[in-house]
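If you want the building blocks of each chain, they are given just below.
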Protein chains: 2
Amino acid sequence: MGVTIHDVARAAGVSVASASRALSGRRKVTPEIAERVSRAAAELGYQPNAVAKALRDRTTGTIGMIVPGIGNPFFTTIVEAVEHQLQETGRDLLLCASQYRPDVEARRLETLLARRVDGLIISPCDIEASVPAVLNAARRVPLVQVDRHIEGGGADWVGVDDDSALAQAVEHVAAGGARSVTFVGSRLMNSSARSRLSGFERAAARAGVNATAPLLGEFTLEWGIEAGRLLLLDGATMPDAVVCGNDEIAVGLVRALRAGGVRVPDDMSVVGFDDVGHATMCDPPLTTVRQPVEEMAAEAVRLLGQVRVSDPRPAQRIAIAPRLVVRETSRPVAAGGANGTEMGRGTA
Amino acid sequence: MGVTIHDVARAAGVSVASASRALSGRRKVTPEIAERVSRAAAELGYQPNAVAKALRDRTTGTIGMIVPGIGNPFFTTIVEAVEHQLQETGRDLLLCASQYRPDVEARRLETLLARRVDGLIISPCDIEASVPAVLNAARRVPLVQVDRHIEGGGADWVGVDDDSALAQAVEHVAAGGARSVTFVGSRLMNSSARSRLSGFERAAARAGVNATAPLLGEFTLEWGIEAGRLLLLDGATMPDAVVCGNDEIAVGLVRALRAGGVRVPDDMSVVGFDDVGHATMCDPPLTTVRQPVEEMAAEAVRLLGQVRVSDPRPAQRIAIAPRLVVRETSRPVAAGGANGTEMGRGTA
DNA sequence: CAGAAATTGGTAATCGATTACCACACTCCC
DNA sequence: GGGAGTGTGGTAATCGATTACCAATTTCTG
C-alpha cells in the first residue's frame, strides 16, 4: 500500500542512501540528485513511515498524557494547553484517561511505555495508590506531574501554588468583612484536596478569621448542592463566606444557597477555584482563583525536556502563583472596609 | 535501556522464535520451555516494544482523532466516549485539535497518517475547505466522520438526526403556545450549522409556526449574549420562543434576556442543543436536545471496523435520533394546552 | 603530474518482534 | 523396519528508514 523510500530511490535512479540523504538534507548530495529525488518523491506521493523511523531512532516524537478524566473541564484545559505546547516542537500527544482509578492508570502507563513515548505528563488520580506505577514509569522515561501529584516527591511536579491561592481567597473575603469562613472541598485522596485544605487553614489563621469545620466530598456540582443544603440545615452556624475546592462545587453551592433564600454575595460570599469554563457560565459570575493553565503546561513541557532518566537529579517542584479573579459572588472589598484586610494581615 | 526478546531468549536458553512463541502462545511449545521463558521474562521485566511490533505487523493499534477544539465540551464528551469504546478493544487514541483551521487540520491528518494509525475519526472543521484533506486521508485508511462532515458524502458519517432534533424542539415550544420562533445559530461554515438551520425551517413550516429571520454568529456564549441584545433592541418583533444551535449560545441568550427584563420561560421559551455540561450548570436549568454521544461514539468505532480501504463501498450516513430534555427554560406544554401540538401537527 | 585531501555515492547493518521455512525427532501403521 | 505424518525448535528474512563504513571520484597542492 505505502510508498517506501526504496520506491523513491528506484524511481530517481539512485540508492536508498542517497534518497534518504536528499530528503533529510543531513548530508550533501549533488543538486542533480537532490532534484531527481524530490521530484520522484512528489510524484509518488512518498510519505516517510514514522513507525520505521521511530524504531531506528529509538524516539517516537510522542508524549503520553494521563489525566483522571476528560469530562472535567479543568483537565481538558490542561490537555489543550499541553497539546498546544507540543505542537511547537512537532510532537504529538497520546491521550489517556484513568477514570479516577489507580488500576486503570497503571495499565495505561504500561501501554504508553510499551509504545515508547518520549515522555509522560500525568496527573495521578490517587496520592497513595498511584505511587508505585508513577515511580516505576519515571525510572524508564522522563515524567512530569501536573496539578495532582503523588506523595513523597519522587518525581517532578508543576502545579498551582495552593498556599498563595487560598491566601488570596481568604484575604479577599476577609477584606469584604467576613469573620467566619468555611472550606468546601473534596475528600483527601489526592494532593490538590489536601494542599488546598491545609492552605485554607493556614490562610485563615494568618488572616485572623474563624475557620469553621470543612465540608469534604467530591469535586462535583452535586456535592456543591449537597454542601449548600448542609449549610442551610443549621443556619445558626452559617459562615460569612465559603471558599470552594473548585468551580463546580462553587456553582452548585451558589445554586443551593439561593434556592434556600440566602443572597449571594449579600448574605454570604462564595469563592471558587480553577476558572475554567464554568465560572463565567454561572449566574452571577463566580469570583474564583484562576489556575495558570498555560504556564503550567509550558513549564511541564519545558521540564520534560530537561529530565534525563540516566542521571537522576533531585525532583523539581514548581508551584506557580495564581491570580484571584473577582466577579460577583463575593462582597466588594469597599463594603467591609480596607481596614479588614489590614487587620487580617496584622494578625498573621 | 530496554530488555528485548533476545535477552529473554538468552536468559531462558532458547531461540528468539521459541521465546516469541511461548509469550504469544500462537504456536505450541513444550511446557518446559514455556515455563523457562515466562520466568525469564518476568525476572528481566521484559515489555515488548510496540513500535517494532507495529512495523512488523503493519498495524499500530492506534486510532487518530481530530476535533476542531478540545475547549468545547461537546467535543471532549465525544472524545471521552470514543476513548472509552477503543479501550474495549485494547486500542489507543492519538488526539489532535485542528483549532477550527483547515490548514492545521490538513497538517494533523498528514502526521497521523505518517504515524500509521489504523483508522481516523474526525469532525472536519469546515464543510468545504476540509474536503480534499479528508477525502485523501479516507483513501489511505478507514475514516469516519463524527458530528460535522464535509459536503458531498465521500466518507462515512455518524451524527445526530438534526431534522428530528429540531422537529422535537419546535414542536415542544409550539405545544407550549409559541406562535413565532427564532433560530439562533452559527454561520454556515460547517455541516451542523447548515443542517440545524434547515431542520429548523422545515420543522417550523410543518408545525405551522412563524419562523422569523435567523441570527447566525458563532457557537459561543458571547454570541448568545450578543444575540440576546439584538432581540431586545427591537422588542416589537420579539418571538415567543428561541431555538439555539447549541447550549453555549442558549446560556448566553438566557442571561442577556433576563438582564434585559425578559422572563424566561414566562415571556419567552429558550431551547438549547447538546446537553453536555453547561445545560445543568445554567440557572434556570436549560431545556435542550441531548446529543446521543455514547451511541455516536460506539457507532463510529463500529463503522471503523467495517471500512475496508481496498474495496470502496457507498459511504454510510448514520443519523441517530436525539431526545428532547425538558427542563425549566421552556413553558410547560400544559400552559399552552395540548391543542397547540395537535394544531401544529395538523398543518404539517 | 603524482599523490594527498575532500566529497559524495553505494552496500549493508541496525532497531525489535514476528514468522516462513527448514530440520530434526518422534509416533504410528502396514 | 521403513515410510508417512505430526509436533516442535532454530535460522534467517521481513517491516522501512537511517547511517557507519567503504569505495570511487574529484579537487587541490607542491
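(A) Summary view of the overall build of chain A. Across its full length, chain A holds 15 helices and 13 strands. Radius of gyration (C-alpha) of chain A: 26 Å, far over the 20 Å computed for a compact globule of 348 residues. The dimensions of chain A, computed from C-alpha atoms along their principal axes, are 90 × 35 × 35 Å. Within the span of chain A, comprising 348 residues, buried residues form 53% of the whole. A separation threshold of at least 6 residues defines the contact pool for chain A, and within that pool the share at least 24 residues apart is 73%. Each charge class in chain A can be summarised by its mean position, and for the 38 positive and 41 negative side chains these summaries are 8 Å apart.

(B) Geometry of the side chain of A:Ser330. Residues and elements named next belong to chain A. Checked against the element boundaries, Ser 330 lands in the loop between β13 (323-325) and α14 (333-336). A relative accessible area of 4% means that Ser 330 is categorised as buried. A polar contact is formed between the side chain of Ser 330 and the side chain of His 172, at a distance of 2.8 Å. A polar atom in the side chain of Ser 330 sits 2.9 Å from the side chain of Thr 287. Each residue touching Ser 330, except ones within four places of it in the same chain, is listed here: His 172, Pro 265, Ser 269, Val 270 and Thr 287.

(C) Focus on the pattern of salt bridges. For the structure shown, the criterion picks out 36 salt bridges over all chains. Among the ionic pairs, B:Arg10 bridges to B:Asp7, the shortest N-O distance being 3.5 Å. Here B:Arg10 and its partner B:Asp7 are both found in helix α1 (residues 5-12), three residues apart, which amounts to about one turn of the helix. Take B:Arg10: its relative accessible area is 60%, and that puts it in the exposed class. With its nearest N and O atoms 3.1 Å apart, the salt bridge here joins B:Arg327 to B:Asp275. Placement of the pair is B:Arg327 in the loop between β13 (323-325) and α14 (333-336) and B:Asp275 in the loop between β10 (269-274) and α12 (278-281), with a sequence separation of 52 residues. Of the residues examined, B:Asp275 reaches a relative accessible area of 10% and is grouped as buried. Connected via shared salt-bridge partners are A:Glu83, A:Asp92, B:Arg108 and B:Arg115.

(D) Examining the domain arrangement of chain A more closely. Residues and elements named next belong to chain A. Entries for chain A in the domain assignment read domain 1 (5-48), domain 2 (60-160 + 293-320) and domain 3 (162-292 + 323-346). Distance between the C-alpha centres of domain 2 and domain 3: 29 Å. Taken together, the contact between domain 2 and domain 3 spans 17 residues of the former and 16 residues of the latter. The contact between domain 2 and domain 3 buries some 1,400 Å² in all, and 54% of this surface belongs to carbon and sulfur atoms. Counting the surface domain 2 buries against domain 3, the share from its top three residues, Ile 127, Arg 148 and Val 160, is 40%. One can count two salt bridges joining domain 2 with domain 3. The residue Arg 196 makes a salt bridge to Asp 147 at a minimum N-O spacing of 3.7 Å. The interface formed by domain 2 and domain 3 holds eight residue pairs in polar contact (both at pLDDT 80 or more) in total. Per-element tally for the side of domain 2 that touches domain 3: the top contributor is helix α13 (residues 293-306), with four residues.

(E) Local environment of unusual backbone geometry. All names here are of chain A. Val 264 connects to Pro 265 through a cis peptide bond whose omega is 15 degrees. With respect to the secondary-structure elements, Pro 265 resides in the loop between α11 (247-259) and β10 (269-274). Positive phi, normally seen in glycine, also occurs at Asp 274, with a value near 125 degrees. Overall, Asp 274 belongs to the buried group, its relative accessible area being 6%. A positive phi angle, close to 60 degrees, is found at Asp 275, a residue other than glycine.

(F) Region of the structure containing the relation of the copies chain B and chain A. Rotating chain B by 180 degrees and translating it 0.0 Å along the rotation axis places it on chain A, where the RMSD comes to 0.1 Å. Between the two chains, the operation in question is that of a two-fold axis. In terms of C-alpha distance to the rotation axis, chain B has B:Leu94 as its closest residue, with the C-alpha 2.4 Å off the axis.

(G) Just the environment of B:Ile33, in detail. Its place among the elements puts B:Ile33 in helix α3 (residues 31-44). C-alpha of B:Ile33 to C-alpha of B:Arg21: the two residues are twelve residues apart in sequence and 10.0 Å apart in space.

(H) Layout of the protein's contact with DNA strand C. Of all residues adjacent to DNA strand C, which total 27 residues, the nearest are A:Ser18, A:Thr30, A:Arg58, B:Ile5 and B:Arg56. If you look at DNA strand C and keep only atoms within 4 Å of the protein, 55% of those are sugar or phosphate atoms. Side-chain polar atom of A:Arg56 to a base oxygen of DNA strand C: 2.9 Å apart, as the coordinates give it. Broken down by secondary-structure element, the contributors of at least two residues to the surface near DNA strand C are α2 (16-24) and α4 (50-57) of chain A together with α2 (16-24) and α4 (50-57) of chain B.

(I) View of the protein's contact with DNA strand D. Within the structure, DNA strand D sits among 27 residues, and A:Ile5, A:Arg56, B:Ser18, B:Thr30 and B:Arg58 are positioned closest to it. Each atom of DNA strand D within 4 Å of the protein belongs either to a base or to sugar and phosphate, the latter forming 55%. Among the secondary structure elements, those contributing two or more residues to the surface near DNA strand D are α2 and α4 of chain A together with α2 and α4 of chain B. Within the surface near DNA strand D, the residues separate by chemical class into ten nonpolar, six polar and eleven charged.

(J) Representation of the packing of aromatic side chains within the structure. Considering all chains together, one arrives at four aromatic pairs over all chains under this definition. Between A:Phe74 and A:Phe75, the aromatic rings sit 5.4 Å apart at their centres with planes inclined by 55 degrees, giving tilted as the arrangement. Judged by its relative accessible area of 2%, A:Phe75 is buried. Above the ring of B:Phe273, the side-chain terminus of B:Arg196 is found at 4.0 Å from the ring centroid.

(K) Local environment of the side chain of B:Glu105. Residue and element names in this part refer to chain B. In this structure, Glu 105 sits in helix α6 (residues 102-114). It is Arg 148 that comes nearest to the buried, bridge-free Glu 105 among opposite-charge side chains, at 7.4 Å. With residues near it in sequence (within four places) discarded, Glu 105 still touches Ile 66, Ser 98, Ile 122, Ser 123, Pro 124, Cys 125 and Ser 130.

Parameters and conventions
Residues numbered from 1 in each chain as written. Chains lettered and ligands numbered in written order. Predicted model: local features only at pLDDT ≥ 70, side-chain atom pairs only at ≥ 80, totals over all residues. Heavy atoms only, no water. Helix = DSSP H or I, 4+ residues; strand = E, 2+ residues; numbered from the N terminus. Rg over C-alpha atoms; globule rule 2.2 N^0.38 Å. Buried < 20%, exposed > 50% of the residue type's maximum accessible area, 1.4 Å probe, protein only. Contact = heavy atoms within 4.5 Å. Lys, Arg positive; Asp, Glu negative; His and termini not counted. Charge placed at Lys NZ, Arg CZ, Asp CG, Glu CD. Polar contact = N/O pair within 3.5 Å; in protein donor to acceptor, adjacent residues only side chain to side chain. Salt bridge = Lys/Arg side-chain N within 4 Å of Asp/Glu carboxyl O. Domains from an automatic or database assignment. Buried area = accessible area lost by both parts, 1.4 Å probe. Least-squares fit on C-alpha atoms with pLDDT ≥ 70 in both. Near = heavy atom within 4 Å. Nonpolar A, V, L, I, M, F, W, Y, C, P; charged D, E, K, R; others polar. Phe/Tyr/Trp six-rings, centres within 6.5 Å; stacked < 30°, edge-to-face > 60°. Lys NZ or Arg CZ within 6 Å of the ring centre and 35° of its normal.

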